[in-house]
Amino acid sequence: MPATESSPPLIEKHTIGYIPPQERHGKVRDLFTLWFGGNIAPLPIVTGALGVQLFHLNLFWGVIAILVGQLIGGVLMALHSAQGPQMGIPQMIQSRAQFGSWGSLLVVVIAGVMYLGFFTSNIVLAGKSLHGVTDSVSVPVGIAIGAVGSCAIGIIGYRFIHLLNRIGTWVLGIGILLGFGYIFSHIHSADFFTRGGFNLYGWLATVSLGALWQIAFAPYVSDYSRYLPANVSVAATFWTTYLGSALGSSLSFIFGAVAVLATPAGMETMDAVKLATGSIGPLMLVLFLLSVISHNALNLYGAVISMITLVQTFSWRWIPTGRSRAVLSVLVLLACCIAAIYSSADFIGHFVDLVLALLVVLVPWTAINLIDFYAIHKGQYDIDSIFRADGGIYGYYNPQALLAYAIGIVVQIPFMNTPLYVGPISVHIHGADLSWLMGLLVTSPLYYWLATRAGVSRRHQNVRQGRAGEA
């Protein structure tokens with residue numbers, strides 16, 4: 001008897017292959033809990049605090065900027081998620097339909113590097129958090145424990161990840177609401193409402209932080225919706241993902257800002273959280289530790305999927321199983337643990353800086369992917385061609401996509417503000433990073449114009465003709 005919604009395997013057997021209709025399972029509401037619970041964590045809390053720490057906004061304007069950024073960026077992120085049930089394949093391998101089998105490799109490699117960077121950074125954070133909970137556990141041991149926990153979750157895969165986040169949504173949601181209540185009833189600063197003010201540059205920079213936070217999920221968000229039944233509507237997938245991610249990350253961003261304002265100026269964010277939450281601080285720290293371990297499984301999962309996609313490009317007959325994914329997960333775990341334990345703190349910091357800079361190259365990819373899916377192909381792709389070594393009807397390269405992609409990167413450079421490079425226009429506007437906005441505004445219409453020219457339009461018509469022939 002084929003697997004049903006009530007009896008999918010616990011350990012995920014698929015990797016990058018197409019998920020057949022009879023193996024689809026789950027409820028669309030699980031997307032809300034996945035992205036809500038996953039965003040209640042220390043990293044978004046620290047990021048959200050920057051609006052008041054670095055850009056000197058007050059509480060009101062900081063909250064408004066956070067909400068605007070999250071709501072705008074969340075639209076792009078959720079549009080990627082809605083592709084999952086329609087395609088039944090991971091996001092990165094679907095990029096072959098836009099860029100060609102070889103043309104997509106740059107984005108696949110960049111996404112893989114990002115996953116590795118975030119995974120390594122988070123296991124360091126988990127190690128320090130565990131050491132903070134109990135001094136008897138050293139940071140290196142804590143790193144290993146956090147890494148093994150994330151690895152186990154990642155190996156089990158899709159179903160277990162969703163289960164943990166269903167539980168985490170309630171636990172972390174209640175926990176952060178209790179944290180808000182405690183902070184507002186135990187404010188340690190006299191200038192909670194008056195510290196900072198409004199400045200346009202800081203406000204725009206904080207909006208950008210929120211938008212980029214959401215866009216960073218784009219390369220793997222549909223990996224967690226591809227098992228849903230194909231008849232799940234685009235609208236249902238979009239709204240459950242959008243509301244979960246935007247609400248969860250907004251709460252964390254705002255929590256960071258509130259904790260910093262409620263404590264004396266100059267404190268580090270997590271120190272401020274510890275002071276501001278007082279007697280419930282240890283509980284909050286434990287909850288955040290569990291959140292880091294659970295959510296970090298997504299980074300490991302994404303890194304392994306990217307590696308498999310890279311290898312399968314040149315060994316197109318190989319569609320690995322869950323065993324291959326488990327072996328690769330352990331190898332990645334060992335490499336990242338070694339880097340986290342034996343590398344200097346500065347090295348890890350520089351690696352994270354590189355990851356943040358790589359977000360610049362994801363913005364034009366996002367624009368091209370969404371325009372191609374919703375405006376050009378309208379969700380209709382030839383899955384067999386996507387898995388062929390020569391790209392099938394999509395070829396090795398799509399020059400129109402690559403041209404739009406390159407231009408989309410170049411136009412962002414003057415507006416960048418990353419730890420590795422600050423563009424001249426960003427300097428002129430006091431550090432606001434508007435590169436993502438410029439990348440979207442230029443790449444989207446440019447790719448649409450290039451892709452709908454007569455010669456390229458015939459390329460897309462091949463998909464419909466091929467489907468008609470199969471029917």
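Conventions adopted
- Residues numbered from 1 in each chain as written.
- Predicted model: local features only at pLDDT ≥ 70, side-chain atom pairs only at ≥ 80, totals over all residues.
- Heavy atoms only, no water.
- Core = buried A, V, L, I, M, F, W, Y, C linked by side-chain atoms within 4.5 Å.
- Buried < 20%, exposed > 50% of the residue type's maximum accessible area, 1.4 Å probe, protein only.
- Helix = DSSP H or I, 4+ residues; strand = E, 2+ residues; numbered from the N terminus.
- Contact = heavy atoms within 4.5 Å.
- Expected span 1.5 Å × (residues − 1).
- Phe/Tyr/Trp six-rings, centres within 6.5 Å; stacked < 30°, edge-to-face > 60°.
- Lys NZ or Arg CZ within 6 Å of the ring centre and 35° of its normal.
- Patch = residues over 30% accessible without salt bridge, like charges linked within 9 Å, V, L, I, M, F, W, Y side chains within 5 Å.
- Areas by Shrake-Rupley, 256 points an atom, 1.4 Å probe, with all protein chains shown as cover.
- Salt bridge = Lys/Arg side-chain N within 4 Å of Asp/Glu carboxyl O.

With that settled, the discussion passes to the nonpolar core. Counting 100 residues, the largest nonpolar core has Trp35, Ile123, Tyr224, Phe255, Ile386, Tyr405 and Tyr447 as the members making the most contacts within it. Broken down by element, the residue count for this core peaks at 14 residues, all from helix H13 (residues 281-314). What Phe255 contacts, discounting residues up to four positions off in sequence, is Ile45, Ile176, Gly179, Phe180, Ile183, Val273, Thr277, Met284 and Phe288.

The next subject is helix H10 (residues 200-215). When the terminal C-alpha atoms of H10 are compared, their 22 Å separation across 16 residues agrees well with the 22 Å that a helix rising 1.5 Å per residue should span. Within H10, twelve of the 16 residues are buried, which leaves it mostly tucked inside the rest of the structure. Taken residue by residue, H10 has Gly202, Trp203, Ala205, Thr206, Val207, Ser208, Gly210, Ala211, Leu212, Trp213, Gln214 and Ile215 as its buried positions.

To continue, consider the environment of Leu106. Topologically, Leu106 is positioned in helix H7 (residues 105-133). Separated by 100 residues in the primary sequence, Leu106 and Thr206 place their C-alpha atoms 29 Å from one another.

Bringing the packing of aromatic side chains into the picture now. Per the stated rule, a full pass over the model turns up 27 aromatic pairs. Taken together, a centroid distance of 5.2 Å and an interplanar angle of 90 degrees make the contact between Phe180 and Phe255 edge-to-face. Highlighted residues: Phe180 in helix H9 (residues 158-185) and Phe255 in helix H11 (residues 234-261), separated in sequence by 75 residues. For Phe255, a relative accessible area of 0% gives the class buried. An aromatic cluster is present here, built from Trp35, Tyr115, Trp213, Phe217, Tyr220, Tyr224, Phe253 and Tyr301 joined pairwise through their rings. Taking the ring centre of Trp449 as reference, the NZ or CZ of Arg453 above it sits at 5.6 Å.

With respect to the secondary-structure elements, Pro320 resides in the loop between H13 and helix H14 (322-342). A relative accessible area of 5% means that Pro320 is categorised as buried. The spacing of Pro320 and Gly17 is 303 residues in sequence and 8.1 Å in space, taken between C-alpha atoms.

Next up on the list: a nonpolar patch on the surface. On the surface, a nonpolar cluster with roughly 740 Å² of combined accessible area is contributed by Trp102, Val109, Leu310, Val311, Phe314, Trp318, Tyr396 and Tyr397. The element that contributes the greatest number of residues to the nonpolar patch is H13, accounting for three residues. Relative to the helices and strands, Val109 is located in helix H7. Look at Val109 and you get partly exposed, because its relative accessible area is 41%.

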